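Read off the chains here:
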Amino acid sequence: MITVIGGGTGSIKLVRAIAKRVQDLQVISNVADNIWLMGLYICPDIDTMVYGLSGQLDIGKGWGIKEESYNFLEQLKILGQETWFRIGDKDLAIHVTRTRMLKEGQSLLSITDWIRRQYEIQPRIIPVTNNHVETRIITEQGEMHIQEFWVKNKGSPEVRGVRYEGLKTSIINQEAIDAISQSEIIVIAPGNPVSSIWPIVSHKVIKKELVRNRKRIVAISPIIGSNPISGPAAKYMNAVGVEVSVAGVASLYNEFASNFVVSSNENPETIGKLEKAGLYVSKTEIIMKDNRDELNLADFVLGFLKK
Ligand code: GDP
């Protein structure tokens, strides 16, 4: 069994490639970008996994469903409602259904598993917790939900800090712990270290299980040199006082990851720092621009099965 920990646009690229190679794959998904909007419970990272693994993802955007229309949003606009969060007509179905099931008392875990089966997705998608956890971005304009910062305000306010509401008291799904303890390798996907990975791995219950399995954990860098491959990772890392580099990411993951996959073009000095910190570093092409790149990286990662 292989477990991938992640969420979002970088993670899905690797996950869908690993899914082509192995039968027994489980994904532990971030939930801290979940948000209540328009009376609907929206789970962007889970939905990206669902759409990506069912072949429905808009690959160009990295989120949402391909060939979407936005009639629902147009109507909302006429009704004077906020429409900054882009919900397409096809996409609406998952949010409406999930919200109804939540209101009927089902857990996010069982709803997600039901959705997975409806879309005939093989890999299990495990929300790390059923509780509502929220990444809050502290900015010069005040504190806001991560979606408000990134989508509504287009990531422009200066970031002063990041905090995770509800994280410490959240109850981790046992399925996530079992996935980690039973896997041959546990992959930390190339996701945003602060907003996608940290809200999973920093929870004491998850961290304890990861530390116990440290030798089998492989982290893929989302950064080359001092540049994230995409997204606001640099803003968040700066705000939490972590260097924007592979070394910075390693300082966050070091306690529980023993293997680090970095770009073939990574600075040798940085690699030296990682090795000094006790990490086993391997180099390959880590940018996934197309299916070929994704499969190459997946095969590289699966190579750890033989080590
Ligand atoms: P985002 O930062 O809000 O986009 O959140 P995500 O968790 O979706 O993070 C995307 C992360 O994945 C960013 O830190 C990117 O640098 C990284 N990323 C995106 N595409 C790739 C890729 O092809 N390869 C690698 N190694 N990292 C990637």
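Residues numbered from 1 in each chain as written. Predicted model: local features only at pLDDT ≥ 70, side-chain atom pairs only at ≥ 80, totals over all residues. Heavy atoms only, no water.

Draft legend 1. Region of the structure containing the pattern of salt bridges. Scanning the entire structure with this criterion turns up 17 salt bridges. Among the ionic pairs, Asp299 bridges to Arg21, the shortest N-O distance being 2.7 Å. Within this pair, whereas Asp299 is found in helix α13 (residues 291–302), its partner Arg21 is found in helix α1 (residues 9–21), the two being separated by 278 residues in sequence. Classification of Arg21 by relative accessible area gives partly exposed; the value is 42%. (Salt bridge = Lys/Arg side-chain N within 4 Å of Asp/Glu carboxyl O. Helix = DSSP H or I, 4+ residues; strand = E, 2+ residues; numbered from the N terminus. Buried < 20%, exposed > 50% of the residue type's maximum accessible area, 1.4 Å probe, protein only.)

Draft legend 2. Just the environment of Glu269, in detail. Looking at the secondary structure, you find Glu269 in helix α12 (residues 268–276). Each C-alpha atom of the pair Glu269 and Val22 lies 35 Å from the other, and the pair is 247 residues apart in sequence.

Draft legend 3. Looking closely at the site of the ligand. As a matter of local geometry, the ligand sits amid 20 residues, with Thr9, Ser196, Pro222, Ile229 and Ile286 nearest to it. A distance of 2.8 Å separates an oxygen atom of the ligand from a polar side-chain atom of Asn192. Within the side chain of Ser196, one N or O atom sits 2.5 Å away from an oxygen atom of the ligand. Bound to the protein, the ligand loses 93% of the 570 Å² it would expose on its own. The greatest single-element share of the shell around the ligand, amounting to three residues, is contributed by α1. Considered class by class, the residues forming the shell around the ligand number nine nonpolar, ten polar and one charged. (Near = heavy atom within 4 Å. Polar contact = N/O pair within 3.5 Å; in protein donor to acceptor, adjacent residues only side chain to side chain. Areas by Shrake-Rupley, 256 points an atom, 1.4 Å probe, with all protein chains shown as cover. Nonpolar A, V, L, I, M, F, W, Y, C, P; charged D, E, K, R; others polar.)

Draft legend 4. Molecular detail of helix α9 (residues 204–212). Listed as buried for α9 are Ile206, Lys207, Glu209 and Leu210. Along α9, the residues classed as buried sweep out an arc of 165° about the axis, all on the same side. Turned more than 90 degrees from where α9 packs its buried face, Lys204, Lys208 and Arg212 sit exposed. Here the buried face of α9 lies against β1 (2–6), α7 (174–182), β9 (185–188), α8 (193–201) and β10 (217–220). (Arc of directions from axis to C-beta. Contact = heavy atoms within 4.5 Å.)

Draft legend 5. Layout of the environment of Asp299. Since its relative accessible area comes to 33%, Asp299 is described here as partly exposed. Sequence separation between Asp299 and Arg21 is 278 residues; the distance between their C-alpha atoms is 8.0 Å.

Draft legend 6. The nonpolar core, seen in detail. Within the largest apolar cluster, 94 residues are counted, with the highest numbers of intra-cluster contacts made by Ile206, Leu210, Ile220, Tyr253, Phe260 and Leu274. A per-element tally of this core places helix α11 (residues 246–253) first, with six residues. Those residues in contact with Tyr253, other than ones at most four positions away along the chain, are Ile188, Gly191, Pro193, Ile197, Ala219 and Phe260. Counting residues in hydrophobic clusters, the runner-up holds eight residues, among them Ile35, Leu37, Leu40 and Leu92. (Core = buried A, V, L, I, M, F, W, Y, C linked by side-chain atoms within 4.5 Å.)

Draft legend 7. Up close: the pairing of strand β2 (residues 25–29). Among the five residues that make up β2, five are buried, leaving the element largely enclosed by the rest of the structure. Burial along β2 is two-sided: the face carrying Leu25, Val27 and Ser29 and the face carrying Gln26 and Ile28 are both buried. Here β1 pairs with β2 via five bridges, running parallel. Paired with Ile2 across the two strands is Leu25, which belongs to β2. The parallel pair β1 and β2, bridged by α1, forms a crossover whose chirality is right-handed. (Pairing = 2+ DSSP bridges. Right-handed = clockwise from strand over helix to strand, strands pointing away.)

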